[in-house]
Amino acid sequence: MIGFFLISNLWAQCPVLDITKSGVLSDPDLNEISGIQVYKEHLWVHNDSGDRPRVFLLSTNGERERIVNIPSAKAKDWEDITLLREPTIFFLGDVGDNLERRSEVEVYLYNPSSNQTQTMTLQYETGPKDVEALAIDPVHKDLYLMSKGRGGVVHLFQKKFPHVKGAYRLESVHSFPIPSQDGLNPFRITAMDISPKGDRIAVRNYFQLFLWSREAV
């Protein structure tokens, strides 16, 4: 996984992709979608800060089918959702920290089969960081969190498998600089995902998407 980022200073834009419109999202309760995950031909999405601990299940054309309330969870600043497929566990990251003052953050592990939730409490060795990107490596089942890059440095944190409730201190396994700007810095990292086979990773900022391939899985 870390090898994906060894070329971080050689970023190149992703090849041009075809964009297909499949529907229109008009649900008034979804006023700021922050996390999205595809699962069993549905979109599992959640709002950013200010909402309750819940996930909306949408059809691929954008229509709401139902709401899943996440038990034993709180919602301070949810930023992203990712999925461990075997066994099926959703990871919901309450990791937003715009002022970078939270001494610890939470990732909720939700099992849809049992409707139960476990909580992992995380601290970063670097001190508080604003994180908006979570991804599971399906090959080794490790969890990765990427900071937004406030202050001009992006950090990649790793939580190794297995994942059970408890408190953990995460090391920064890789870092790279981005331009430091006041206000809305377009280079800050806002999302990350890894393909189900683990052979590709996508990272995006406010206006670019970067795509890497893994040579050996």
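Provided above is the structure to which this section pertains.
Criteria and thresholds
- Residues numbered from 1 in each chain as written.
- Predicted model: local features only at pLDDT ≥ 70, side-chain atom pairs only at ≥ 80, totals over all residues.
- Heavy atoms only, no water.
- Helix = DSSP H or I, 4+ residues; strand = E, 2+ residues; numbered from the N terminus.
- Buried < 20%, exposed > 50% of the residue type's maximum accessible area, 1.4 Å probe, protein only.
- Polar contact = N/O pair within 3.5 Å; in protein donor to acceptor, adjacent residues only side chain to side chain.
- Contact = heavy atoms within 4.5 Å.
- Core = buried A, V, L, I, M, F, W, Y, C linked by side-chain atoms within 4.5 Å.
- Pairing = 2+ DSSP bridges.
- Axes fitted to C-alpha atoms, helices over the stretch in contact; angles between N-to-C directions.
- Phe/Tyr/Trp six-rings, centres within 6.5 Å; stacked < 30°, edge-to-face > 60°.

A word on the side chain of Asp27
Reasoning step 1: The topology assignment puts Asp27 in the segment before β1 (33-39).
Reasoning step 2: Its relative accessible area of 11% is what places Asp27 among the buried residues.
Reasoning step 3: Polar side-chain contacts of Asp27 include one of 2.6 Å to the side chain of Arg64.
Reasoning step 4: Residues contacting Asp27, with those up to four places away along its chain left out, are Phe56 and Arg64.

Focus on the nonpolar core
Reasoning step 1: With 17 residues, the main nonpolar core has Phe91, Val95, Val107, Tyr124, Leu143 and Leu145 as its most contacted residues.
Reasoning step 2: The set of elements that each furnish at least two residues to this core consists of β6 (89-94), β7 (105-111), β8 (116-124), β9 (131-136) and β10 (143-147).
Reasoning step 3: Setting aside chain neighbours within four positions, we find Tyr124 in contact with Val95, Val105, Lys129, Val131, Leu145, Phe157, Arg169 and Leu170.
Reasoning step 4: Ranked by size, the runner-up nonpolar core spans 15 residues in total, among them Met146, Ile178, Val203 and Trp212.

Concerning the environment of Glu104
Reasoning step 1: Structurally, Glu104 can be placed in the loop between β6 and β7.
Reasoning step 2: In this structure Glu104 comes out as partly exposed when scored by relative accessible area, which is 37%.
Reasoning step 3: In this view, Glu104 contacts Thr121, Leu122 and Gln123; residues no more than four positions away in its chain are not counted.

Digging into the sheet that holds strand β16 (residues 209-213)
Reasoning step 1: With antiparallel pairing, 3 strands are arranged side by side in an open sheet as β14-β15-β16. With one partner strand each, in any of the chains shown, β14 (191-194) and β16 form the two edges of the open sheet. Taking the axes of each pair of neighbouring strands and ignoring which way they run, one obtains an average angle of 15° across the sheet.
Reasoning step 2: Direction of pairing for strand β15 (residues 200-204) relative to β16: antiparallel, over a ladder of 5 bridges. Within the sheet, the bridge partner assigned to Val203 lies in β16 and is Phe210.

Considering the packing of aromatic side chains
Reasoning step 1: Throughout the structure, instances matching the rule amount to 6 aromatic pairs.
Reasoning step 2: With a centroid separation of 5.8 Å and 75° between ring planes, the pair formed by Tyr39 and Trp44 is classed as edge-to-face.
Reasoning step 3: Note on Trp44: relative accessible area 5%, which makes it buried.
Reasoning step 4: A connected cluster of aromatic rings, assembled from ring pairs, spans Tyr39, Trp44 and Phe90.

As for the environment of Glu63
Reasoning step 1: By secondary structure assignment, the location of Glu63 is in the loop between β3 (54-58) and β4 (64-69).
Reasoning step 2: Distance in space between the C-alpha atoms of Glu63 and Gly23 is 8.1 Å, their sequence separation being 40 residues.
Reasoning step 3: Setting aside its immediate chain neighbours within four residues, Glu63 contacts Leu57 and Leu58.

Some points on the sheet that holds β4
Reasoning step 1: Strand order across the open sheet formed by 4 strands is β1-β2-β3-β4, with antiparallel pairing between neighbours. The open sheet has two edge strands, β1 and β4, and neither has a second partner. Pairwise comparison of adjacent strand axes, ignoring direction, gives a mean angle of 25° for this sheet.
Reasoning step 2: Note that β3 and β4 share 5 bridges and pair antiparallel. Within the sheet, the bridge partner assigned to Leu57 lies in β4 and is Arg66.

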